[in-house]
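# Structure assessment
Below are the chains, spelled out letter by letter.
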Amino acid sequence: MAVLYDRVALIGLGLIAGSMSLAMRAGGLAGETVGYARSPETRAAARQIGLVDRVAESAAEAVAGADLVVLAVPVGVMGAVAAEIAPHLKPGATVTDVGSVKQAVIEAVAPHIPAGVHFVPGHPLAGTEHSGPHSGFAALFRNRWWLLTPPEGTDPEATARLAALIRAMGANVEDMDAAHHDLVLAVTSHTPHLIAYTMVGVADHLKRVTESEVIKYSAAGFRDFTRIAASDPTMWRDVFLQNKEAVLDILGRFTEELFMLQRAIRMGDGAQLHDYFTRTRAIRRGII
Ligand code: NAD
């Protein structure tokens, strides 16, 4: 495949940045990938496993001369990283991010982007419960959605070139309004993660059921919860703090439905439970 960017800088060397580098290198999509992460241990690990073509010793060094800069750090530090790299960005370069929340990241990053540099925010809907430099793999984005949320006035050519790179990594691209993105993700990802964390927390606190019993007799439902609840605590702390309004909206609705089901169980209202589960099954069948 053709080289789409001569030099790509990846800030953060975890699951998403690592997978991007591996996918770009596998497809010959970048002339060079340069990576930087804050911790020296992460940089050493990335260097040892050859995650990127070159590991830089500072964010400034990583972005120097880069045609595409990818911010792949927790959403709570996106603004600080943008401020750090801003003076070193190449005129005409594109900056994108992969944060799971879009409005807060745009608010934090956009003010730091110098004139003549394009900012095209994005979010790959692909991930695993693993994190860090060893967790990436080239096929992560294959057949997954990657949402771009360019604010009005974003250069269409910069957006189109980034979309071409994303497609070349195997993902499907769609544009979406940032506020709508945050609501959709609150329903499809953020609140489900919170529920998983809660359910695993409940099992932990339930003293009448031992930890070894929870592990030994984990049925599929709980097993899925534990997998999700093993996700990176820093990333998810930031997601909830940065997508507060949408998550609280969905959580409020969730709590109401839960109370309704709780009441139906208490009252022995089998018809209501059956109706509810019939509707939810139809939604699931629509997904497959
Ligand atoms: P990760 O924990 O695997 O990697 C994060 C990397 O950022 C680490 O290398 C860490 O050293 C580095 N880092 C943290 N603070 C830094 C700073 N101030 N300066 C430089 N480097 C710093 O996380 P990830 O899963 O790759 O997530 C990265 C971003 O992608 C997050 O914004 C997350 O919301 C988003 N995202 C994650 C998933 C997922 O499922 N994991 C999916 C889509 C998007």
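For the structure, check the block above.
Rules and cut-offs
- Residues numbered from 1 in each chain as written.
- Predicted model: local features only at pLDDT ≥ 70, side-chain atom pairs only at ≥ 80, totals over all residues.
- Heavy atoms only, no water.
- Axes fitted to C-alpha atoms, helices over the stretch in contact; angles between N-to-C directions.
- Helix = DSSP H or I, 4+ residues; strand = E, 2+ residues; numbered from the N terminus.
- Parallel < 35°, antiparallel > 145°, perpendicular 65-115°, else oblique.
- Left-handed = near helix turned anticlockwise from the far one by under 90°.
- Contact = heavy atoms within 4.5 Å.
- Nonpolar A, V, L, I, M, F, W, Y, C, P; charged D, E, K, R; others polar.
- Near = heavy atom within 4 Å.
- Polar contact = N/O pair within 3.5 Å; in protein donor to acceptor, adjacent residues only side chain to side chain.
- Areas by Shrake-Rupley, 256 points an atom, 1.4 Å probe, with all protein chains shown as cover.
- Pairing = 2+ DSSP bridges.
- Right-handed = clockwise from strand over helix to strand, strands pointing away.
- Salt bridge = Lys/Arg side-chain N within 4 Å of Asp/Glu carboxyl O.
- Buried < 20%, exposed > 50% of the residue type's maximum accessible area, 1.4 Å probe, protein only.

## A few points about the packing of helix α7 (residues 178-205) against helix α10 (residues 233-242)
Following both chains from N to C, one finds α7 and α10 inclined at 125 degrees, their axes separated by 11 Å at the closest point. Taken together, the axis directions place α7 and α10 in an arrangement best described as oblique. Pair α7 / α10 crosses with left-handed handedness. Across the interface between the two elements, S189, H190, H193, L194 and Y197 from α7 touch W236, V239 and F240 from α10. Looking at the contact of α7 with α10 residue by residue, the classes come out as five nonpolar, three polar and no charged.

## Concerning the site of the ligand
What surrounds the ligand is a group of 27 residues, the closest being L15, I16, V73, S100 and G132. For the ligand, an oxygen atom lies 3.0 Å from a polar atom in the backbone of L13. L15 is positioned with one of its backbone polar atoms (N or O) 2.9 Å from an oxygen atom of the ligand. Across the complex, the protein chains shield 89% of the 840 Å² of accessible surface that the ligand would expose by itself. Grouping the amino acids of the shell around the ligand by side-chain chemistry returns 16 nonpolar, ten polar and one charged.

## What to know about the pairing of strand β7 (residues 145-148)
Alignment of strand β6 (residues 118-124) against β7, held across three bridges, turns out to be antiparallel. Each residue of the ladder has a partner; that of H123, found in β7, is L147. Pairing of β7 with strand β8 (residues 172-175), which is carried by four bridges, proceeds in the parallel orientation. The residue of β8 that forms the bridge with L147 is E174. In the classification by handedness, the crossover that spans β7, the intervening helix α6 (residues 156-168) and the parallel β8 is right-handed.

## Details of the side chain of D238
As for its placement among the helices and strands, D238 is situated in helix α10. In this structure the side chain of D238 is engaged in a polar contact, spanning 2.9 Å, whose partner is the backbone nitrogen of G76. Those residues within four positions of D238 in sequence are excluded, and the remaining contacts are P74, V75, G76 and V77.

## Structural notes on the pattern of salt bridges
Scanning the model with the defined rule gives eleven salt bridges in all. For R227, the salt bridge goes to E129, with nearest N and O atoms at 3.6 Å. Linking R227 in helix α9 (residues 220-229) with E129 in the loop between β6 and β7, this pair joins segments that are 98 residues apart in sequence. R227 sits in the partly exposed class, given a relative accessible area of 41%. Here R253 and D249 are joined by a salt bridge, their closest N and O atoms 2.8 Å apart. Of the two residues, R253 and D249 are both situated in helix α11 (residues 244-267); the distance of four residues between them amounts to about one turn of the helix.

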